[in-house]
Amino acid sequence: MPSSTKLTKQPPLAIRGLSVAYQKKPVLRDVSFEIGDGELVGVIGPNGAGKSTLIKAALGLIPKLTGEVAVYGKPCAEQRKLIGYVPQRESVDWDFPTNALDVVMMGRYGRLGWFRRPGAKEKAIALECLAKVGMADYANRQISQLSGGQQQRVFLARALAQDASLYVMDEPFAGVDAATEKAIINLLQELKREGKTVMVVHHDLATVKEYFDSVLLLNVEVQAYGKTEDAFTQENLQRTYGGRFAFLNRHAESADTAAAAEGRG
Amino acid sequence: MTDFWILLTGSLVAACCSILGCFLVLRRMSLIGDAISHSVLPGIVIAFMVSGSRDSIVMLLGASVLGLVTVFLIQLFQQSGVQADASIGVVFTALFAAGVVLVSLNLRNVDLDLDCVLYGEIAHVHWNTWTLHGADMGPKAVWMLGFTLLVIVLVIGLFFKQFKLCAFDPMLAAAVGIPVALFHYLLMGLVSMATVSSFESVGAILVVGMLIIPASAAYLLTDRLGRMILISVAIGIASTVLGYFAAVVLDASIAGCMVCAAALLFVLAFVFSPTHGLLARRLWRRLHSRSV
């Protein structure tokens, strides 16, 4: 029997029977899962498994064939203010004429309504969020002059500025430097301490156990979902990645032995 | 007085187009303006057939509707898997051709000259004036363009943050609940309106030129969107003035000279821009390589 608090509290994200297709080709088939409050969830799977599609469909950004998405028990269109979204870094044009502070302020636009303009309050919030990702010194830097990792941190700061309860991040670790990876991890831990729920599309199998409470293995269908120690098994990975996993596995092992050898030498 | 009216008309066209051009250039949709300026022809003809008048407001309405149809069709083809540039090309040439057929079928005996609809001449602006209660209020084109500019400034001014976010990151815009499609069509509606109210008086080449060139030059000169729009308008007006006097001296096409002047200013920006210019980049590279 669930306790009474569990009954009143709706899960941050509940997806039931979600299917998505691009021009008749199914990208997601009958995906169902539920994320618990305050969890840090990793979504992993091979390229083309539909990880980004899952995020976009869950947020109502692309049409779905069937299925239901509930954010804290309601359709996500009614819960926009509770969701913070970090798109893939490559999805925008970094030559756009604007600076880091301005991009972070965009995170506040959803709360400003139709006509209000961003002002001193939004600027203060944006500066604070930039400071949280260690980018305070770059506030006035044109965004094309930032490194890939710095751009990713600006995106994270923007999501922080959305001041959400559920954060959804699409490959935040892709192609970033070590400093940024560390900054992101610290940020995820802090969000967790604040009781926020975070779902992250992730590609690096080596760090899954270290970073996430739960893990969703996806390849068009949900292959496995559960606590990381239960779901992140050789067998499930094999099923998710198919033949490619053997290669990945060998690659990881040889990298480990190489690192070990280096450590010895 | 003729000089004044021509310069004012040209400047109004430049202002309307260079504001909207910034958003088109940033969204990599520069050629949409070109497409719209051609595909509105059937709209103009149908509006004329239905109303039987050459009243500018009716024409403007018909053309604006066709402008939106154009954008909708382009979008539709793109979503169904046709390449972006091909779908633009297919839609606007087909609609333009349909317009030509309509003209040749219906309007042989009527005074709706293709040249006069699509290739208006800015030098004739001051002849077509608007009379109100017997008083001469100045050229019709100036009023029409002034109204268009007012609408553009109001709409872009009110919804600046939405237009900016939709241009930079439409995914986030949708995620925070901004109706991205609405603002897309609003922008395209404004482009249609600017296109139509301009080319009746000044010709298509000036419109298309002013939509793309000043904004592209401004893009090279600044790192802020607000400033980019102001610089774009300044470049547009400067090329109007420069072009007009060049045309007087050379006794050449006024609209042609204005667009050439804009192109000249673009080349100057391309070479001498302090941040993105050819010289600046080369200099920076040389300094950098020396310090390494």
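Rules and cut-offs
Residues numbered from 1 in each chain as written. Chains lettered and ligands numbered in written order. Predicted model: local features only at pLDDT ≥ 70, side-chain atom pairs only at ≥ 80, totals over all residues. Heavy atoms only, no water. Helix = DSSP H or I, 4+ residues; strand = E, 2+ residues; numbered from the N terminus. Rg over C-alpha atoms; globule rule 2.2 N^0.38 Å. Buried < 20%, exposed > 50% of the residue type's maximum accessible area, 1.4 Å probe, protein only. Contact = heavy atoms within 4.5 Å. Areas by Shrake-Rupley, 256 points an atom, 1.4 Å probe, with all protein chains shown as cover. Lys, Arg positive; Asp, Glu negative; His and termini not counted. Charge placed at Lys NZ, Arg CZ, Asp CG, Glu CD. Domains from an automatic or database assignment. Buried area = accessible area lost by both parts, 1.4 Å probe. Salt bridge = Lys/Arg side-chain N within 4 Å of Asp/Glu carboxyl O. Polar contact = N/O pair within 3.5 Å; in protein donor to acceptor, adjacent residues only side chain to side chain. Pairing = 2+ DSSP bridges. Axes fitted to C-alpha atoms, helices over the stretch in contact; angles between N-to-C directions. Parallel < 35°, antiparallel > 145°, perpendicular 65-115°, else oblique. Left-handed = near helix turned anticlockwise from the far one by under 90°. Nonpolar A, V, L, I, M, F, W, Y, C, P; charged D, E, K, R; others polar.

S.K.: It is not clear to me how the overall build of chain B should be interpreted in this structure. Could you clarify?
M.R.: A tally of regular secondary structure across chain B gives 14 helices and two strands. For chain B, whose C-alpha radius of gyration is 20 Å, the value lies close to the compact-globule estimate of 19 Å for 292 residues. By its C-alpha atoms, chain B is 75 × 50 × 35 Å across when sized along the principal axes. Expressed as a percentage of its 292 residues, the buried residues of chain B come to 50%. Relative to all contacts within chain B whose residues are 6 or more apart in sequence, the contacts with residues 24 or more apart total 71%. In the structure as shown, chain B presents an accessible area of about 13400 Å², 70% of it carried by carbon and sulfur atoms. Of the charged side chains in chain B, 14 are positive and 13 negative, and the gap between their average positions amounts to 21 Å.

S.K.: In this structure, what is going on with the domain arrangement of chain A? I would like to understand it.
M.R.: Think of interface size as the accessible area that goes away when the parts come together; that is how it is often given. Residue and element names in this part refer to chain A. Its domain assignment divides chain A into domain 1 (13–232) and domain 2 (233–265). Measuring from the centre of the C-alpha atoms in domain 1 to the corresponding centre in domain 2 gives 27 Å. With 13 residues of domain 1 in contact, the opposing surface of domain 2 contributes ten residues. Interface area for domain 1 against domain 2, summed over the two sides, is near 930 Å², with a carbon-plus-sulfur share of 58%. Among the residues domain 1 hides against domain 2, the three largest losses belong to Pro-46, Leu-205 and Gln-223. Together they make up 46% of the total. Across the domain 1-domain 2 interface, the total number found is zero salt bridges. Across the domain 1-domain 2 interface, the total number found is five residue pairs in polar contact (both at pLDDT 80 or more). Sorting the residues of the side of domain 1 that touches domain 2 by element identifies strand 8 (214–219), strand 9 (221–227) and helix 9 (228–231) as the ones contributing at least two each. Ranked by the residues each element gives to the side of domain 1 that touches domain 2, the list is headed by strand 8, at three residues.

S.K.: Whenever I open this one, the sheet that holds strand 1 (residues 13–22) of chain A confuses me. Can you help?
M.R.: Remark on secondary structure: sheet strands pair via backbone hydrogen bonds, oriented parallel or antiparallel. Residues and elements named next belong to chain A. Within the open sheet, the three strands sit side by side as 2-1-4. Their pairing is antiparallel. Only two strands of the sheet have a single neighbouring strand rather than two, namely strand 2 (25–35) and strand 4 (66–70). Taking each pair of neighbouring strands and ignoring which way they run, the sheet shows an average axis angle of 20°. The pairing of strand 1 with strand 4 spans four bridges and is classified as antiparallel. Along strand 4, the bridge assignment pairs Ile-15 with Val-69. Contacts between helix 2 (residues 51–58) and the sheet are confined to strand 1, strand 2 and strand 4, with strand 1 contributing the most and set at about 115° to the helix.

S.K.: Explain the environment of Asn128(B) here, please?
M.R.: All names here are of chain B. You can see Asn-128 is positioned in the loop between helix 6 (114–118) and strand 1 (129–132). Sequence spacing of Asn-128 and Ser-201 is 73 residues, and the spatial spacing of their C-alpha atoms is 9.3 Å. When near neighbours in sequence (up to four residues on either side) are disregarded, Asn-128 contacts Pro-139 and Lys-140.

S.K.: Whenever I open this one, the sheet that holds strand 3 (residues 40–44) of chain A confuses me. Can you help?
M.R.: Residues and elements named next belong to chain A. Strand order across the open sheet formed by six strands is 5-6-7-3-8-9, with mixed pairing between neighbours. A strand with exactly one partner marks an edge of an open sheet, and here the two such strands are strand 5 (83–86) and strand 9. Strand-to-strand twist in this sheet, taken as the mean axis angle between neighbours without regard to direction, amounts to 15°. Where strand 5 lies against strand 6 (residues 166–170), four bridges are found, and the strand directions are parallel. Bridge pairing links Ile-83 to Leu-166 in strand 6. The strands touched by helix 6 (residues 148–161) are strand 5 and strand 6; relative to strand 5, the strand with the most contacts, the crossing angle is about 170°.

S.K.: Whenever I open this one, the packing of helix 2 (residues 30–39) of chain B against helix 5 (residues 84–106) of chain B confuses me. Can you help?
M.R.: Between two packed helices, both the angle of their axes relative to each other and the distance between the axes serve to describe the pair. All names here are of chain B. Axis separation between helix 2 and helix 5 bottoms out at 8 Å; the angle between their running directions is 20°. As summarised for this structure, helix 2 and helix 5 are arranged roughly parallel, according to the angle between their axes. By crossing handedness, the relation of helix 2 to helix 5 is classed as left-handed. Of the residues in helix 5, those touching helix 2 at Leu-31, Ile-32, Ala-35, His-38 and Ser-39 are Ile-88, Phe-92, Leu-95 and Phe-96. Counted by class, the contact of helix 2 with helix 5 contains seven nonpolar, two polar and no charged residues.

S.K.: Teacher, can you tell me more about helix 2 of chain A here?
M.R.: All names here are of chain A. With seven of eight residues buried, helix 2 is to be regarded as a mostly interior element. Along helix 2, the residues classified as buried are Lys-51, Ser-52, Thr-53, Leu-54, Ile-55, Ala-57 and Ala-58. Positive phi appears at Gly-60, one or two residues downstream of helix 2, with a value of about 75°.

S.K.: Looking at this structure, I do not really get the interface of chain B and chain A. What am I missing?
M.R.: Facing 31 residues of chain B, the contacting portion of chain A comprises 31 residues. Buried surface at the junction of chain B and chain A, summed over both partners, amounts to about 2700 Å²; 64% is from carbon and sulfur atoms. If you sort the residues of chain B by the area they bury against chain A, Lys161(B), Phe168(B) and Met171(B) come out on top, with a joint share of 28%. Viewed at the interface, chain A and chain B are joined by four salt bridges. In this structure, Asp93(A) engages Arg28(B) in a salt bridge whose closest nitrogen and oxygen atoms are separated by 3.1 Å. At the level of elements, helix 7 (140–158), helix 8 (160–168), helix 9 (170–175), helix 10 (180–202) and helix 12 (225–250) of chain B are the ones that each hand at least two residues to the side of chain B that touches chain A. Top element by residues in the side of chain B that touches chain A is helix 8 of chain B. It accounts for seven residues. Residue composition of the side of chain B that touches chain A, grouped by class: 18 nonpolar, seven polar and six charged.

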